[in-house]
Structure formats: C-alpha cells, structure tokens
Amino acid sequence: HILSGIDTTRIMAKADRIYYQLIEIQLLYRMRKPSDNLEGINECVSYYAQERKDVRKLAQAYYYRGMLEYESGKVDKAVTSLKKAEEAAQSLYDIDLKHKIYDSLSTLNFLSGNINLARKYTLLSLECAKLTSNGLWFAYAYNHLACIYEAMGRKASSWVYIKKSLPYIQTVDAKDRAEFLYMVGENYHHNNENSLAKQYLLLSSKAYPTPATYNILASIYNQEGMKDTARALWRKAMGNASLDDKVDILDTIANQRFSEGDFRGAYWSLKELILLKDSIEKQKQTFSIQEIQLKYDQQKTKRNYDRMLIRGLYALIVLIVIIAAL
C-alpha cells in the first residue's frame, strides 16, 4: 500500500530508482505474482554488483533473480544465481535472507536429484531455525529432511524427522499441513498400524483433501469391512485425481479385491488400470519420427503382453469358478 502511493516520477537518483525496483520485484514475488520479464532484476544485479557498497541488496537481487529464473524454468541459471546470493550473504548477519537462500537451494537440489547437496542446505536452514526458534522453519526443515532420507532409502531416519515436524505442524498453511499429516498416516499404514494411520489421514483430509489421502483411507475402511464407505472414498479420489494418482488408486483397488477373493472385480480393475497406463504412455509420446517408430514396436509388444495378461487372468477366474461349482 505504501509502495503504490509513491510517485515514481519524482525518483531522480539512480540508487533510489534501483532500490524501488528491487522492492517492487520482491513484493510481487511474495504476493505470488512473479514476472517472467527478468530485465528489471538483471538491472538490479548489475547495479549492486558494480557498486559493491550494499552487499545485502546484492544478495537480495541475486536471490530474487534466482527465484524468477526458477519460475521461468531456467533451473541451471537459478542455481547459479542462488549460489551467488549465498556467497554475497556469507559475511552478513541476516538470518532471514540466509534461510531463504538455503531453503531454496535445498529444494532445487532435491528436485534435481542432488540429494546430498539438498541435505547439506536443509541442515543449514535447520541451523537458522535453531537460531531464531522459528516454528515454521523447523516444520519445513524437518519435513525436507524426512523427504531426503526417504529418497535415500533410509526409512527409519525419515520417520524420525516426520515425528520431529509434528510439534510445528500448525505453523504451516492448510495444504502443506495436509501433506505433513499424510506422510505420518502413510507411514503408520505401511507399518500396519491402521488405527493411528486413520487418525492422521482424517486430519489430513480435513486440512486439505487429496486423492492419495482418500485412497489410503478407503483401503483401511475396506479392510475394516466398511465397503460402502471405502467405495465412496475411492469415487471421491478418482474424481479429482491426476492420471498418476488414478494408477495408484486402481492398483490399490485391484490388490484389495484380489486379496478378498473377488477375482472378477480384480479383473475389471486390472483391465481399467492397463487401459489407463496405455493412455498415459500415449500422452508422453513425442513428435520425433524416430521415437514414434521405436515406441510403436514397444507398444505393440506391450499390447500383446497386456492381452495375454488379461486372457490369463480371465482364464484363471473361469477355472476358479468351475472348480467352485464342482
């Protein structure tokens, strides 16, 4: 509000104009209205890099350039800008700025598969949380570490950090809180502690319902004999699910039905799953002639395999029905 009331035509000095520009870029980014035009932030970086009088503003400029580059899909450039921001902020006692840089580098490295570097920067962001006792920073740092150890295959360590994040869970927004609670519920479900799993999954769905949460809840209710409730949740899950989520849901349904001896139901779920996977594969095809020819041969083999699988399952069901009849 204050910024919008400033008469920019009266800003004469270049230093003031550049600073105003930097604040405006920061404001728009934090309001989730990032610009895909990098000209303004590049001018800020160039000015503060030449002047070298205000290292904090230089670090800020590098940071916001990195985040705008990331939003534009320029991940390599984003990492370089953030590393320069880290270098510029090194001599500062600005915990808030350092935390933003470490947290962003942690996320970018994790998404790029650089797990060890992601862990390094998450531990640095955790140190910032300890220095300030910031509950929100604790929540995200512990959650990030849980995801990192999960990616490393260290499930026990992942579970330790999931539990550490729980005391701070109310500090995060509803969507992220739902994700944290889902991770807890999923872990309990994986360990066959369905009573506790259901407790956390219900809290997760209350905060922000997702197809993945509904899927596990439906599975638990189905195991408890509450078939109608389970079917209703699976319908809800399928209604808002992405293609990948639908694959997970149909796979769960097929496995549940098969384990209960409902072979005909399992057959139809499996058939739907195969058709869906085919649909996903078609969406991933590129327009390269060479790739199209290669994929044609692969899909032909896959279709033959799927048909054989369906026929084999159908024959098995018929055989079971005949044996049961005899």
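To start, this report covers the structure provided alongside it.

Criteria and cut-off values
- Residues numbered from 1 in each chain as written.
- Predicted model: local features only at pLDDT ≥ 70, side-chain atom pairs only at ≥ 80, totals over all residues.
- Heavy atoms only, no water.
- Helix = DSSP H or I, 4+ residues; strand = E, 2+ residues; numbered from the N terminus.
- Buried < 20%, exposed > 50% of the residue type's maximum accessible area, 1.4 Å probe, protein only.
- Areas by Shrake-Rupley, 256 points an atom, 1.4 Å probe, with all protein chains shown as cover.
- Expected span 1.5 Å × (residues − 1).
- Axes fitted to C-alpha atoms, helices over the stretch in contact; angles between N-to-C directions.
- Parallel < 35°, antiparallel > 145°, perpendicular 65-115°, else oblique.
- Left-handed = near helix turned anticlockwise from the far one by under 90°.
- Contact = heavy atoms within 4.5 Å.
- Nonpolar A, V, L, I, M, F, W, Y, C, P; charged D, E, K, R; others polar.
- Patch = residues over 30% accessible without salt bridge, like charges linked within 9 Å, V, L, I, M, F, W, Y side chains within 5 Å.
- Salt bridge = Lys/Arg side-chain N within 4 Å of Asp/Glu carboxyl O.
- Polar contact = N/O pair within 3.5 Å; in protein donor to acceptor, adjacent residues only side chain to side chain.
- Core = buried A, V, L, I, M, F, W, Y, C linked by side-chain atoms within 4.5 Å.

Now for the overall build of the chain. For the chain, the helix and strand inventory stands at 15 helices and zero strands. Put simply, the chain has 326 residues, and 40% of those count as buried. As displayed, the chain has an accessible area near 19300 Å², and 53% of this comes from carbon and sulfur atoms.

The next thing to look at is helix α1 (residues 14-30). Given 3.6 residues per helical turn, the α-helix brings residues three or four places apart onto the same face. Between its first and last C-alpha, α1 extends 24 Å over 17 residues, near the 24 Å set by a 1.5 Å rise per residue. Within α1 the residues assigned to the buried category are Ile 18, Tyr 20, Gln 21, Leu 22, Ile 25, Gln 26 and Tyr 29. Backbone geometry just after α1 places Arg 32 at a positive phi near 65°.

All right, on to the packing of helix α5 (residues 95-111) against helix α6 (residues 115-132) then. Where α5 contacts α6, the axes come no closer than 8 Å and their chain directions differ by 155°. It follows from the interaxial angle that α5 and α6 lie roughly antiparallel. In the packing of α5 onto α6, the handedness of the crossing is left-handed. Of the residues in α6, those touching α5 at Ile 95, Lys 98, His 99, Tyr 102, Asp 103, Leu 105, Ser 106, Asn 109 and Phe 110 are Ile 115, Leu 117, Ala 118, Tyr 121, Thr 122, Leu 124, Ser 125, Cys 128, Leu 131 and Thr 132. Taken together, the residues that form the contact of α5 with α6 break down as 11 nonpolar, six polar and two charged.

Together, Tyr 314, Val 318, Ile 322 and Leu 326 give the surface a local cluster of nonpolar side chains, amounting to about 420 Å² of exposed area. Along the chain, Tyr 314 turns up in helix α15 (residues 289-325).

Turning our attention to the side chain of Gln 21. Topologically, Gln 21 is positioned in helix α1. A polar contact of 3.2 Å, which involves the side chain of Gln 21, links it to the side chain of Glu 43. Those residues within four positions of Gln 21 in sequence are excluded, and the remaining contacts are Gly 40, Glu 43 and Cys 44.

Attention now moves to the side chain of Lys 98. Among the secondary structure elements, Lys 98 is positioned in helix α5. A polar side-chain atom of Lys 98 sits 3.4 Å from the main-chain carbonyl oxygen of Gln 90. Once residues within four sequence positions are removed from consideration, Lys 98 is found in contact with Ala 89, Gln 90, Leu 92 and Cys 128.

So, about unusual backbone geometry. Here the phi dihedral of Arg 32 falls at roughly 65°; this positive angle occurs in a residue that is not glycine. When you line up the elements, Arg 32 lands in the loop between α1 and α2 (39-51). Positive phi values are uncommon outside glycine, yet Asn 192 reaches one of about 60°. Among the structural elements, Asn 192 can be located in the loop between α9 (174-190) and α10 (194-207).

Across the interface, α10 lies against helix α11 (residues 211-223) with an axial gap of 10 Å and an inter-helix angle of 145°. α10 and α11 meet at a crossing whose hand is left-handed. Touching Asn 194, Ala 197, Lys 198, Leu 201, Leu 202, Ser 204 and Ser 205 of α10 are Thr 213, Tyr 214, Ile 216, Leu 217, Ile 220, Tyr 221 and Gln 223, all from α11. The residue makeup of the contact of α10 with α11, split by class, is eight nonpolar, five polar and one charged.

This brings us to the nonpolar core. By size, the foremost hydrophobic cluster in this structure holds 68 residues, and its most contacted members are Ile 41, Cys 44, Tyr 48, Tyr 63, Ile 101 and Leu 201. Excluding its chain neighbours within four sequence positions, the residues that come into contact with Cys 44 are Ile 18, Gln 21, Leu 22, Ile 25 and Ala 61.

The next point concerns the environment of Ser 165. Relative to the helices and strands, Ser 165 resides in helix α8 (residues 155-165). With relative accessibility at 2%, the residue Ser 165 sits in the buried group. C-alpha separation for the pair Ser 165 and Leu 136, spaced 29 residues apart in sequence, amounts to 9.6 Å. The contacts of Ser 165, once residues within four sequence positions are left out, are Ala 139, Tyr 142, Asn 143 and Phe 180.

Looking at the secondary structure, you find Tyr 214 in helix α11. Overall, Tyr 214 belongs to the buried group, its relative accessible area being 14%. For the pair Tyr 214 and Trp 234, spaced 20 residues apart in sequence, the C-alpha to C-alpha distance is 6.6 Å. Once residues lying within four places of it in the same chain are set aside, the contact partners of Tyr 214 are Ser 205, Pro 209, Leu 233, Lys 236 and Ala 237.

Before going further, it helps to spend a moment on the environment of Asn 114. Within the element layout of this structure, Asn 114 appears in the loop between α5 and α6. Judged by its relative accessible area of 35%, Asn 114 falls in the partly exposed class. Remark: the alpha-carbon pair of Asn 114 and Ile 148, spanning 34 residues in sequence, is separated by 9.9 Å.

Let's shift gears to the pattern of salt bridges. Inspection of every chain in the model, using the stated rule, returns nine salt bridges. Between Arg 65 and Glu 69 there is a salt bridge whose closest N-O contact spans 3.8 Å. Taken as a pair, Arg 65 and Glu 69 lie in helix α3 (residues 55-71) at a separation of four residues, close to a single helical turn. Judged by its relative accessible area of 14%, Arg 65 falls in the buried class. A salt bridge links Lys 83 to Glu 86; the nearest nitrogen and oxygen atoms lie 3.1 Å apart.

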